[in-house]
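Close look at the chain arrangement
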Amino acid sequence: MSPLLTVLVVLAGGLVAGAIGSLTGLGGGLVIVPLLTLLLHLPVPEAVGVSLFGVIATSTGAAPRFIGTGYNNVRLGLFLQVAASSGALVGALISHKVPARLLFLIFGIVMLYSAVMSFMPTKHDAAGAREDSPLAKRLRLGSRYKRDGQWVDYKVAGVAPAFGIMVGAGFLSALLGIGSGVFKVLAMDRLMRLPFKVSTATSNFMIGMTAATSAGYYLSHGDVSPLVAGPVIVGVLAGAYVGGHWMTVLPVKTLRRIFAVVLCFVAVDMLLKGVGI
Amino acid sequence: MSSRLEGQRRFINLWILRTSIGLSLVSILIGLGVFLAKGRDYLPHTPAGSIASIIVDACQDALSLHASAFLDFGMLVILFTPLVRLGAGIVASMRARDWLYVLIGLVVVALVSLGMLTGQAGG
């Protein structure tokens, strides 16, 4: 593939990844890593390193749209980030010791799980928990967000189990080059019972910091090609900007399900590569 | 946090994000333009080593208008954006005398910095 074509393919992939990542909160890494490994045949650590930069760009590009809406709970994001960054640090440290086929297998399983969970109904959508848990009360995690032009207070439950899940989410983020948004959103949505848009925006805030923890590792390690990372960042920034804007007007649930079907196909391809077929 | 401090925090956050997006986009687009104009002989090299050494290399490449300088700069801007946002959050928490979140923010800064240092050491 010529350098110009490579740049254009990666740019287009970044655009799609950024839009999907910011719209669904699932993170663009699920698009970028398969694109780089399956289509451009990049080694897994290099694809992961580049993808992490795409994940930071997704978070950065979508963030301006959330400012002033109250969707992003900064206190909660910071507290959970301690767990996510710890997991990311461990994931980055062992990343070069894990065989590529095993990474393909894990990636395929994570993709399938993400796809299946997208079809599950969100019981607490836009409602929130009734009471703050004792830890949430102590950490003052409850907040408010704008819904139909009105500020709505919400409470936070299940802080400790969600903290544990964030360690795993950070670990997978560093190992696979994904934002792990699906785990973060699910933990906040189902365990902490946050309104869905609060979960999505807070996850978006967190995935940038989680990815930065391990992206610095991959960059210093010499795994990030600027000729690939550059177009990914440009594409993702543009896509995330558009996706962040559409988030408030498009039927997000429908989009998540369409994306989930696409994920299933790519996941099967990754799993086949993992088992050597 | 008072509404005045909250308003300032939002303004600074927005400014950081827009500056970061603008700088990164412009820098990477110039880098790609230089590379495509000059051709394969100017294939950008993959940075490695400490973040400080990557910055020094990018500055040296910039003097010869090498595509690497612009691409590396754009990547570094993106890499440091979450840290800068975090720093702004810590300052806002300090102004609000919210010491618990100052401490939590500093722990996260330490973890992110550790990631960069361990990569340099070959992890």
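Predicted model, so just to flag it, every value in this text is computed and none were measured.

We now examine the overall build of chain B. Helices and strands together make up the secondary structure of chain B, namely four helices and zero strands. Sequence-ordered secondary structure for chain B, helices as α and strands as β, is α-α-α-α. Relative to the globule expectation of 14 Å for 123 residues, the C-alpha radius of gyration of chain B, 18 Å, shows a markedly less compact shape. If one aligns the C-alpha atoms of chain B with their principal axes, the spans along those axes are about 55 × 35 × 15 Å.

What chain A contains, in helices and strands, is eleven helices and two strands. The helix and strand sequence of chain A, counted from the amino end, reads α-α-α-α-α-α-β-β-α-α-α-α-α. Taken against the 2.2 N^0.38 rule, which gives 19 Å for 277 residues, the C-alpha radius of gyration of chain A at 18 Å falls within 12% of a compact globule. Across the 277 residues that make up chain A, the buried fraction comes to 61%. The long-range share in chain A, meaning contacts at least 24 apart out of those at least 6 apart in sequence, stands at 82%.

To continue, consider the interface of chain B and chain A. Counting residues at the interface gives 49 residues for chain B and 49 residues for chain A. Contributions of two or more residues to the side of chain B that touches chain A are made by α1 (3-38), α3 (67-95) and α4 (99-120) of chain B. In terms of residues, the side of chain B that touches chain A owes the most to one element, α1 of chain B, which gives 15 residues. Looking at the side of chain B that touches chain A, its residues break down into 28 nonpolar, 17 polar and four charged.

The next thing to look at is the confidence of the model for chain B. All names here are of chain B. Taken over all residues, the pLDDT of chain B has a mean of 85, while the share at 70 or more is 91%. Per-element mean pLDDT across chain B ranges from 84 in helix α2 (residues 51-63) up to 91 in α3. Predicted complex metrics record ipTM = 0.91 and pTM = 0.88.

So, on to the packing of helix α7 (residues 159-176) of chain A against helix α8 (residues 181-191) of chain A. Packed helix pairs are specified by the crossing angle of their axes together with the interaxial distance, meaning the distance between the axes. All names here are of chain A. At a minimum axis separation of 9 Å, α7 and α8 run at an interaxial angle of 170°. Taken together, the axes of α7 and α8 are roughly antiparallel relative to one another. Contacts between α7 and α8 involve Pro-161, Ala-162, Ile-165, Met-166, Gly-168 and Ala-169 on the former and, on the latter, Phe-183, Lys-184, Ala-187, Met-188 and Leu-191.

With that settled, the discussion passes to the pairing of strand β2 (residues 150-154) of chain A. All names here are of chain A. Sheet topology note: the strand β1 (residues 143-147)/β2 ladder contains five bridges and is antiparallel. Bridge pairing in β2 places Arg-147 opposite Gln-150. Linking β1 back to β2 in an antiparallel pair, the connection comprises two residues, with Asp-148 at a positive phi of about 50°.

Residue and element names in this part refer to chain A. The backbone of Arg-140 shows a phi angle near 55°, a positive value even though the residue is not glycine. With respect to the element layout, Arg-140 can be found in the loop between α6 (134-139) and β1. On the basis of neighbour count, Arg-140 is assigned to the partly exposed category, with 15 C-beta atoms found within 10 Å. For Ser-180, which is not glycine, the phi torsion reads 60° and is therefore positive. Its location among the elements puts Ser-180 in the loop between α7 and α8.

What follows concerns α2 of chain B. Residues and elements named next belong to chain B. Along its 13 residues, α2 runs 19 Å from first to last C-alpha, staying within 8% of the 18 Å computed at 1.5 Å per residue. Turning to α2, its buried residues are Ile-54, Ala-58 and Asp-61. One side of α2 holds all its buried residues, which, seen down the axis, span an arc of 65°. Facing away from the buried side of α2 by over 90 degrees, the exposed positions are Ala-52, Val-56, Cys-59, Gln-60 and Leu-63.

In globular proteins that are soluble, nonpolar side chains generally tend to be buried together. Formed by 121 residues in total, the largest nonpolar core has its most connected members in Phe-53, Ile-56 and Ile-233 of chain A. Beyond its immediate stretch of four places on either side in the chain, Ile-56 of chain A contacts Gly-208, Ala-211, Ala-212 and Ala-215 of chain A together with Ile-78, Leu-79, Thr-81 and Pro-82 of chain B.

What follows covers the confidence of the model for chain A. The predicted model of chain A averages 84 in pLDDT, with 94% of residues at 70 or higher. Of all the helices and strands in chain A, helix α11 (residues 252-274) of chain A carries the lowest mean pLDDT, 77, while helix α4 (residues 74-94) of chain A carries the highest, 93.

Now for the packing of helix α5 (residues 100-118) of chain A against α7 of chain A. All names here are of chain A. Two elements in contact, α5 and α7, have axes separated by 11 Å at closest approach and are oriented at 130°. By the angle between their directions, the pair α5 and α7 is classed as oblique. By crossing handedness, the relation of α5 to α7 is classed as left-handed. Contacts between α5 and α7 involve Leu-103, Ile-106, Phe-107 and Val-110 from the former and Leu-172, Leu-175 and Leu-176 from the latter. Looking at side-chain class alone, the contact of α5 with α7 contains seven nonpolar, no polar and no charged residues.

Here the focus is the environment of Ala-160 of chain A. Within the secondary structure layout, Ala-160 of chain A lies in helix α7. The spacing of Ala-160 of chain A and Leu-105 of chain A is 55 residues in sequence and 29 Å in space, taken between C-alpha atoms.

All names here are of chain A. For α5, with 19 residues, the first-to-last C-alpha span of 27 Å sits near the 27 Å given by 1.5 Å per residue. When α5 is considered as a whole, its buried residues turn out to be Leu-103, Phe-104, Phe-107, Gly-108, Val-110, Met-111, Ser-114, Ala-115 and Ser-118. The buried side chains of α5 occupy one side of the element, clustering within an arc of 170° when seen end-on.

Reading guide: rules and limits
- Residues numbered from 1 in each chain as written.
- Chains lettered and ligands numbered in written order.
- Predicted model: local features only at pLDDT ≥ 70, side-chain atom pairs only at ≥ 80, totals over all residues.
- Helix = DSSP H or I, 4+ residues; strand = E, 2+ residues; numbered from the N terminus.
- Rg over C-alpha atoms; globule rule 2.2 N^0.38 Å.
- Buried ≥ 20, exposed ≤ 12 C-beta atoms within 10 Å, placed from the backbone.
- Contact = placed C-beta atoms within 7 Å.
- Nonpolar A, V, L, I, M, F, W, Y, C, P; charged D, E, K, R; others polar.
- pLDDT = per-residue confidence, 0-100.
- Axes fitted to C-alpha atoms, helices over the stretch in contact; angles between N-to-C directions.
- Parallel < 35°, antiparallel > 145°, perpendicular 65-115°, else oblique.
- Pairing = 2+ DSSP bridges.
- Expected span 1.5 Å × (residues − 1).
- Arc of directions from axis to C-beta.
- Core = buried A, V, L, I, M, F, W, Y, C linked by C-beta atoms within 7 Å.
- Left-handed = near helix turned anticlockwise from the far one by under 90°.

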